[in-house]
Amino acid sequence: MSGRTLFALLVLLLLALFAWLNWGEITRPTPLSLGLTRVEAPLGLLLVIALGVVSLLYLIFTIGLETAALLEVKRYARELLHYKKLAEDAEQSRYTELRRYLEAELARLAEAEREEIRALEARVEELLEKHGNTLAAYIGELEDQILRLMKPEKGEGAG
């Protein structure tokens, strides 16, 4: 309960105590003017009833405000949950999109790596063949030189 409500209840309790202590005076009839006519009625009782009606209206008004506030809070909570779910869905879609992007990027990099490996393998084969041919040429040249060196020796031994 708020401080205002507690204060209003305290005032009502004090007024009820005052009315109970002075009930005899409150119920004593007095002449009252209603504008066009005069009547004999207890003024205190009419004021206590008016106070009770105003208090009852205040209570109904307060309950109405509290109910409206609670309904508004409930509506805000429902809206907040809805927006939270939308944010989570958006976050999830961003994660999915990021995953797809990373997978595509990794696939592209893997393909580029395979192409690079193929190019390196082709270059290594080319270099090996080139060096093999060079080596074969050197061996052939050496063989020719050895054969040339050996031919005069064969001729010397035959003659």
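About the cut-offs
- Residues numbered from 1 in each chain as written.
- Predicted model: local features only at pLDDT ≥ 70, side-chain atom pairs only at ≥ 80, totals over all residues.
- Heavy atoms only, no water.
- Helix = DSSP H or I, 4+ residues; strand = E, 2+ residues; numbered from the N terminus.
- Rg over C-alpha atoms; globule rule 2.2 N^0.38 Å.
- Buried < 20%, exposed > 50% of the residue type's maximum accessible area, 1.4 Å probe, protein only.
- Contact = heavy atoms within 4.5 Å.
- Areas by Shrake-Rupley, 256 points an atom, 1.4 Å probe, with all protein chains shown as cover.
- 1 Å grid on protein atoms, 1.4 Å probe; cavity = no way out; pocket = protein on both sides within 12 Å on 5 of 7 lines; lining within 4 Å.
- Points joined across faces, edges and corners; volume = space filled by probe spheres on them.
- Patch = residues over 30% accessible without salt bridge, like charges linked within 9 Å, V, L, I, M, F, W, Y side chains within 5 Å.
- Salt bridge = Lys/Arg side-chain N within 4 Å of Asp/Glu carboxyl O.
- Lys, Arg positive; Asp, Glu negative; His and termini not counted.
- Charge placed at Lys NZ, Arg CZ, Asp CG, Glu CD.
- Pairing = 2+ DSSP bridges.

Examining the overall build of the chain
The secondary structure content of the chain amounts to 3 helices and 2 strands. Along the chain direction, N to C, the helices and strands of the chain fall in the order α-α-β-β-α. Taken over the C-alpha trace, the chain has a radius of gyration of 55 Å; the compact-globule value for 159 residues is 15 Å, which it surpasses by more than 25%. For the C-alpha atoms alone, the extent of the chain along its principal axes is close to 180 × 30 × 15 Å. Sorting the 159 residues of the chain into buried and exposed places 4% on the buried side. Partitioning the intrachain contacts of the chain with sequence separation of at least 6 by distance along the chain shows that 12% fall at a separation of at least 24. On the chain, roughly 14300 Å² of surface is accessible, and the fraction owed to carbon and sulfur atoms is 67%.

Thoughts on the layout of surface pockets
Of the pockets and cavities examined, the largest pocket occupies roughly 360 Å³. If you go around the largest pocket, you meet 15 residues; those closest to its centre are Ser-2, Thr-5, Tyr-58, Thr-62 and Ile-63. Elements with a contribution of two residues or more to the lining of the largest pocket: helix 1 (3-21) and helix 3 (43-158). Looking at the lining of the largest pocket element by element, the count peaks at 9 residues for helix 3.

As for a negative patch on the surface
A cluster of acidic residues, Glu-121, Glu-125, Glu-126 and Glu-129, forms a negative patch on the protein surface. Residue placement: Glu-121 occurs in helix 3. Overall, the relative accessible area of 47% leaves Glu-121 in the partly exposed class.

A closer look at the pairing of strand 1 (residues 29-33)
Bridge count between strand 1 and strand 2 (residues 38-42): 5 bridges; the pairing is antiparallel. Counterpart to Ser-33 in the pairing with strand 2 is Arg-38.

Here's the deal with the pattern of salt bridges
Evaluation of the coordinates by the stated rule reveals 9 salt bridges. Residue Glu-25 pairs with Arg-28 through a salt bridge whose shortest N-O separation is 3.2 Å. Judged by its relative accessible area of 45%, Arg-28 falls in the partly exposed class. Across the salt bridge formed by Glu-105 and Arg-108, the nearest N and O atoms sit 2.4 Å from each other. Residue Glu-105 and its partner Arg-108 are both found in helix 3; the two are separated by 3 residues, about one turn of the helix. Judged by relative accessible area, which is 24%, Glu-105 ranks as partly exposed. Classification of Arg-108 by relative accessible area gives partly exposed; the value is 47%.

This is a description of form; function is not addressed.
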